[in-house]
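Coordinates in review
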Amino acid sequence: MDTESTHSGYSNRSNRHGEQSRRERRKLSSKDSSRSERSVIINSPYGPTQASPNHNSEPLLEVPSSVAGDEAPSLQDDNWGETTTAVTGTSELSISQEEVVGLGKRSEGGLGQGCRRYAPLALGLCVGLLVLATPLAFLVLPAVLWPARLQACGSACEGLFLSVSCKLLILLLAVWAIFLRQARASLPRVCVYRALLAMLTLLLTISYWLFYGVRILDSQDEDYQGIVQFAVSLVDSLLFVHYLAIVLLELRQLQPCYSLCVIRSTDGETRYYNLGQLSIQGAALSLLEFYYRDFPLHNPALLSASKHRAAKHLAGLKVYTVDGPVNQAGPAGGSQVGDQPRAMISAAARRRDATHNELYYEEADHDRRVRKRRARLVVAVEEAFMHVRRMQQEEQKASPGDVMDVREAALAIFPSMARTLQKYLRTTRRQHCHSMDSIQRHLAFCLTHNMSPKAFLEAYLSPGPTLQYGRERWMAGQWTLVSEAAVTGGLKEDTVFSLRCLDFSLAVTVKSIPYIRMTEEYVDPKSHKFTLSLQSETSV
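Below, the structure is looked at part by part. Remember, predicted model here, so these are calculated numbers, not experimental data.

Examining the overall build of the protein chain
Summing up its helical and strand segments, the protein chain has 14 helices and 6 strands in all. Residues classed as buried in the protein chain amount to 29% of the 540 residues present. Carbon and sulfur atoms provide 57% of the accessible area of the protein chain, an area that totals close to 35300 Å².

This is the structure we're talking about:
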């Protein structure tokens, strides 16, 4: 007993010392990683609303980072089928006092983010109004300041007036189509080409104003036709600048130049996309749009089984200190003290070797239970739809006042399949993805459009893309772009960056599409001709 207590005390002290050293190494590594990486933030185009609350605003109170057990707790009220039993565990999400202060500062900076979001739009509107008003001012100022000294130009000026009016209308519609579109997201940095085009337009307008002030306003030029032609030249220059904007902002990125590999950090889900000449932040925005469309919904409950298995395996390992005090009774006693820990270590090694068998049987049992629950669900849904068809046939014979609404029919048949559906969703660990209201709405939609039971079950038998679920299921209202290179720079070969949210991250690797060389080989059509010789006598 004394020997065991001494060993346990020594192991506890060594464990505490090891935990302290690991914490120090984590702090040092986090500081080094924060110094070596650049992180900027991309806000999603859909902000938090009352109808779709954002889970990232209060992540510590609503969404646990990890759950132990086979059934993960739901993010909503799941008491629509039967009593839900959830096994909770220790959360791996920790936060320091400095991070709490940082969260308060970020919440206070909402007004600053709003100003940052609308400041480029306000600046662009000011520049646009100045550009569109400048040609009109060139035509109006001489007629107001010195109307008596102007020379009449007749029909030539009227034709130029018509040309300026048509060009300004075309320019207004083109600017509305390219620049006045609804923003898809809030990018961390200003787009280089947009800033370049704005500066070019502003410099062009200022230069025309300087020339107009020196050569026309100061001298009070009497040639009104020349003034009108000067305004027409300005409108032509603005149209060419807009054509340059279409080339830089729209046409340049159409041709695919790079292949991007996107990997989700939690489950390893991988997709490949081809993109053109884009900046890193522009490519990140395109990849996030592709992510919501193509990737299945992130389900942290699927990772709880592997974590539970790893924790169970580590709990079964017991390591004893072999350097403790040796029994002085003799060499035989010393060999007994040394042989007992070795036997325990060998038993733990044999248990570790049998882990793959446990994994195999667990997966086989899980697949069996999923098939069983799926069969019961299919039968229950088919019976419910058959009941609806019988009700429709009875309603055709009934009076018009007794006809049941589609919503009422969905509410009537939902209890017959609710328990089976919830058991299946729990078995597949997707119960938090579907609420009772969403299932009832989907059932009413299928009944309205006369869909089959298979069409109704397709939404629950296979996981769909992220956009098919409610916005509150996305669990990512804000993304952080982490890149060693400048996010305003273009994509290059072997560029690596990541997009991080609260629960997972997307690692992106860039590869350039290789140059393909294709040759032609001519085949003479006469080389395919042949002669078929038939003999008159055949063997019997």
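That was the structure; now back to the text.
Thoughts on the environment of Lys167
Tracing the sequence through the fold places Lys167 in helix α5 (residues 155-178). According to the relative accessible area criterion, Lys167 is partly exposed, its value standing at 22%. Between the C-alpha atom of Lys167 and that of Val232, which follows or precedes it by 65 residues, the distance is 8.7 Å. Each residue touching Lys167, except ones within four places of it in the same chain, is listed here: Val232, Val235, Asp236 and Leu239.

Details of the packing of aromatic side chains
Under the definition given, this model contains 17 aromatic pairs. Between the aromatic rings of Phe161 and Tyr224, the centroid separation amounts to 6.2 Å while the plane-to-plane angle is 65°, which identifies the pairing as edge-to-face. Here Tyr224 lies in helix α7 (residues 224-251) and Phe161 lies in helix α5, a separation of 63 residues in the sequence. Residue classification places Phe161 among the partly exposed residues on the basis of a relative accessible area of 31%. Ring geometry for Tyr360 versus Tyr361: centroids 5.3 Å apart, planes at 75°, classification edge-to-face. Of the two residues, Tyr360 and Tyr361, neither departs from the other in class, the shared state being exposed. Members of the aromatic cluster, each reached through a chain of ring pairs, are Phe138, Tyr208, Trp209, Phe211, Tyr212 and Phe230. For the cation-ring pair, Arg264 lies above Phe504, with the distance from its terminal atom to the ring centre recorded as 5.9 Å. We note Arg271 situated over the ring of Phe295; from NZ or CZ to the ring centre the distance is 5.2 Å.

Structural notes on the pattern of salt bridges
In the structure shown here, the tally under the stated rule is 7 salt bridges. Among the salt bridges present, the one from Asp236 reaches Lys167, with a minimum N-O distance of 2.6 Å. In this pair, Asp236 is assigned in helix α7 and Lys167 in helix α5, connecting sequence segments 69 residues apart. The salt bridge partner of Asp365 is Arg368, with a shortest N-O separation of 2.8 Å. Of the two residues, Asp365 and Arg368 both sit in helix α11 (residues 355-397), 3 residues apart, roughly one turn of that helix. Overall, the relative accessible area of 31% leaves Asp365 in the partly exposed class. A residue is classified by how much of its surface remains accessible, and Arg368, at 41% relative accessible area, is partly exposed. One salt-bridge network, in which partners are shared between bridges, spans Asp365, Arg368 and Arg369.

Concerning the nonpolar core
Phe138 and Tyr224 are the most contacted members of the largest nonpolar core, which totals 26 residues. Every element with two or more residues in this core is listed here: α4 (110-145), α5, α6 (192-217) and α7. Grouped together as the second largest cluster of nonpolar side chains are 25 residues, Ala283, Phe295, Val487 and Val510 included.

Some thoughts on the environment of Thr448
Tracing the chain through its elements places Thr448 in helix α13 (residues 436-448). It is 6.5 Å that separates the C-alpha atoms of Thr448 and Val406, two residues lying 42 residues apart in sequence. At a separation of 2.7 Å, a polar atom in the side chain of Thr448 contacts the main-chain carbonyl oxygen of Ala444.

Regarding the side chain of His432
Among the secondary structure elements, His432 is positioned in the loop between α12 (406-427) and α13. Looking at His432, the relative accessible area reads 7%, which means it is buried. Side-chain polar atoms of His432 contact the side chain of Asn299, separated by 3.2 Å.

The rules behind the values
- Residues numbered from 1 in each chain as written.
- Predicted model: local features only at pLDDT ≥ 70, side-chain atom pairs only at ≥ 80, totals over all residues.
- Heavy atoms only, no water.
- Helix = DSSP H or I, 4+ residues; strand = E, 2+ residues; numbered from the N terminus.
- Buried < 20%, exposed > 50% of the residue type's maximum accessible area, 1.4 Å probe, protein only.
- Areas by Shrake-Rupley, 256 points an atom, 1.4 Å probe, with all protein chains shown as cover.
- Contact = heavy atoms within 4.5 Å.
- Phe/Tyr/Trp six-rings, centres within 6.5 Å; stacked < 30°, edge-to-face > 60°.
- Lys NZ or Arg CZ within 6 Å of the ring centre and 35° of its normal.
- Salt bridge = Lys/Arg side-chain N within 4 Å of Asp/Glu carboxyl O.
- Core = buried A, V, L, I, M, F, W, Y, C linked by side-chain atoms within 4.5 Å.
- Polar contact = N/O pair within 3.5 Å; in protein donor to acceptor, adjacent residues only side chain to side chain.

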